[in-house]
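Chain by chain, the residues run as shown.
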Amino acid sequence: MVVQDKVAVITGAASGIGRKTACRYAEHGASVVVADVDAEGGAETVERISDDGGEATFVETDVTDPTEVRTAIETAVDEYGDLDVLFNNAGIEGSLNELAEWDDEAIEPVIDVNLKGVFYGLKYGIEAMLATGGGSIINTSSVGAATGINGRSMYCATKAGVNGLTRTAAVEYAEDDIRVNSVLPGTTDTPMIRRSDQERDTDRLQLNTSDAMEGRGQPRHLADAVLFLGSDLSARVTGVELPVDGGFLA
Ligand code: NAI
């Protein structure tokens with residue numbers, strides 16, 4: 001029970017990595033605010049947690065809207081009295097096209113969700129943690145922040161931007177006991193990657209990557225890494241980019 005009695009806000013918790021992490025936090029004794037634009041999926045995550053005897057509440061949240069992000073964070077403080085952990089995990093891949101084929105307007109949603117969404121989470125999460133005495137923030141980046149991925153130029157660019165936000169926030173707020181870290185998932189078996197697999201229908205758009213370890217990463221691998229970074233087991237860890245990628249970047 002490494003996060004017993006902690007309060008966590010998790011964005012993108014209606015699916016994939018976010019959902020698994022929300023369940024894992026609840027299993028380990030945390031109260032969880034499930035924040036996602038997908039109300040149906042969010043309700044299902046809360047139901048799974050409740051069925052297992054855990055504590056969670058859903059707040060419909062579009063991370064591109066700073067007011068909604070702030071509301072999700074305020075819900076944690078109002079309902080559970082604290083904010084110990086914030087997992088800024090919501091993300092989208094956007095278009096699958098080689099760079100010169102991207103429509104100009106297609107870059108905006110990727111920047112809005114992946115970069116601005118994390119910025120708003122950091123801003124309002126830090127504001128709350130300054131008032132409640134510190135905490136741990138984890139941002140979902142990607143191995144795509146460290147290497148090119150066919151067809152995903154803006155995705156890779158925004159995920160590299162997430163690491164810039166992580167490092168800066170880590171040094172700015174270390175003295176306030178707020179730790180900020182990134183996780184870099186490798187290819188992980190979620191609805192996002194299954195959609196992506198189906199879209200990659202030409203040779204030039206095939207995934208140019210494979211892990212050193214056998215098989216594909218699972219959401220639980222990310223959930224456990226985020227559990228570590230949100231717990232006191234990582235009390236001296238801040239400003240890092242932790243690949244959870246089966247050795248892909250090694
Ligand atoms: P997923 O598609 O299963 O889940 C993403 C969740 O984010 C969904 O519940 C979706 O509703 C939510 N979301 C999307 N836009 C939103 C918005 N504007 N506001 C609030 N919520 C929003 O995807 P997965 O794989 O679980 O992805 C989670 C994170 O992991 C993302 O940031 C993704 O970029 C990152 N990642 C995933 C990898 C993979 O192979 N699955 C690899 C590297 C990074």
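This text follows the structure it describes.
Residues numbered from 1 in each chain as written. Predicted model: local features only at pLDDT ≥ 70, side-chain atom pairs only at ≥ 80, totals over all residues. Heavy atoms only, no water.

1. Focus: the sheet that holds strand S7 (residues 241-244)
Across a sheet, strands are paired by hydrogen bonds formed along the backbone, either parallel or antiparallel in direction. Keep this limit in mind: Following DSSP output, two strands are said to pair if at least two bridges run between them. Helix and strand assignments follow DSSP, with helices taken as H or I runs no shorter than four residues and strands as E runs no shorter than two, numbered in order from the N terminus. To get an axis, a line is fitted to the C-alpha atoms, and for a helix only the part in contact is used. The angle between two axes follows their N-to-C directions and goes from 0 to 180 degrees. The contact criterion used throughout is that any non-hydrogen atoms of two residues lie within 4.5 Å.
The parallel open sheet is built from 7 strands, whose spatial order is S3-S2-S1-S4-S5-S6-S7. Each edge of the open sheet carries a strand with a single partner, namely strand S3 (55-60) and S7. Sheet twist, expressed as the mean angle between neighbouring strand axes with direction ignored, is 20°. Pairing of strand S6 (residues 178-185) with S7 involves 4 bridges; the strand directions are parallel. Counted as the bridge partner of Val183 is Leu242 from S7. Helix H1 (residues 16-27) rests against strand S1 (7-11), strand S2 (31-36), strand S4 (85-88), strand S5 (135-140) and S6 of the sheet, and its axis sits at about 170° to S1. In the packing of helix H2 (residues 39-51) onto the sheet, the strands contacted are S2 and S3, and the crossing angle to S3 comes to about 175°.

2. Here we look at the pattern of salt bridges
Rules: Within this document, salt bridges are pairs made up of a side-chain nitrogen of Lys or Arg and a carboxyl oxygen of Asp or Glu, the two lying within 4 Å of each other. Burial classes: relative accessible area under 20% of the type maximum marks a residue as buried, over 50% as exposed, and values in between as partly exposed (1.4 Å probe, protein chains only).
On inspection of all chains with the given rule, the structure shows 14 salt bridges. When the shortest N-O distance is used, the salt bridge between Arg204 and Glu98 registers 2.8 Å. Here the residue Arg204 occupies a position in the loop between helix H6 (191-199) and helix H7 (219-230), and Glu98 occupies one in the loop between S4 and helix H4 (107-132), the gap between them amounting to 106 residues. Taking the shortest distance from any N to any O, the salt bridge between Arg167 and Glu241 comes out at 2.1 Å. Of this pair, Arg167 sits in helix H5 (residues 153-173) while Glu241 sits in strand S7, and the two are 74 residues apart along the sequence. Looking at Arg167, the relative accessible area reads 42%, which means it is partly exposed. A single network of salt bridges, built from pairs that share partners, joins Arg19, Glu44 and Arg48.

3. Side note on the site of the ligand
We apply this condition: Nearness here has a simple test: a residue counts as near a molecule or strand if at least one of its heavy atoms is within 4 Å of that partner. In these tables, accessible area is a Shrake-Rupley quantity obtained with a 1.4 Å probe, and a residue counts as shielded only by the protein chains included in the view. Each cavity reported here is a set of points on a 1 Å grid over the protein atoms alone in which a 1.4 Å probe fits but cannot get out, each pocket an open set with protein on both sides within 12 Å along at least five of seven lines, and each lining residue one with an atom within 4 Å of a point. In this description, a molecule resides in a pocket or cavity if more than half of its atoms sit within 2 Å of the grid points defining it.
By nearness alone, 30 residues border the ligand, and Ser15, Asp36, Tyr155, Thr188 and Thr190 come closest of all. Considered on its own, the ligand offers 830 Å² of accessible surface; in the complex 93% of this is hidden by protein. Among the detected pockets, the ligand sits in the largest pocket. Listing elements by their share of the shell around the ligand, those giving two or more residues are H1, H5 and H6.

4. Considerations on the nonpolar core
Here is the rule: Put simply, a nonpolar core is a bunch of buried Ala, Val, Leu, Ile, Met, Phe, Trp, Tyr and Cys residues held in one set by side-chain atoms that sit within 4.5 Å of each other.
Within the largest apolar cluster, 28 residues are counted, with the highest numbers of intra-cluster contacts made by Ile73, Leu83, Leu122, Ile137 and Val180. Counting residues per element, the ones that place at least two in this core are S1, S2, helix H3 (66-80), H4, H5 and S6. Top element by residues in this core is H4. It accounts for 8 residues. With residues up to four places along the chain from it excluded, the contact list for Ile137 reads Leu86, Asn88, Leu122, Gly125, Ile126, Met129, Ile178, Arg179, Val180 and Asn181. Counting residues in hydrophobic clusters, the runner-up holds 25 residues, among them Ala8, Tyr25, Val32 and Ala56.

5. Here we look at the layout of surface pockets
Our working definition: Grid points are joined across faces, edges and corners, and a volume is the space filled by probe spheres set on the points. Just so you know the grouping, Ala, Val, Leu, Ile, Met, Phe, Trp, Tyr, Cys and Pro go in nonpolar, Asp, Glu, Lys and Arg go in charged, and all remaining residues, Gly too, go in polar.
If you add up the space inside the largest pocket, you get close to 940 Å³. Around the largest pocket, the lining is made up of 47 residues, and of these Gly91, Ile92, Tyr155, Thr190 and Met192 lie nearest the centre. Those elements giving two or more residues to the lining of the largest pocket turn out to be H1, S2, H5 and H6. A breakdown of the residues in the lining of the largest pocket according to their chemical character gives 18 nonpolar, 19 polar and 10 charged. Along the walls of the second largest pocket sit 17 residues, with Gly135, Asp177, Ile178, Arg179 and Ala235 positioned nearest its centre. Elements supplying a minimum of two residues to the lining of the second largest pocket: S5 and S6. Partitioning the lining of the second largest pocket into residue classes produces 5 nonpolar, 6 polar and 6 charged.

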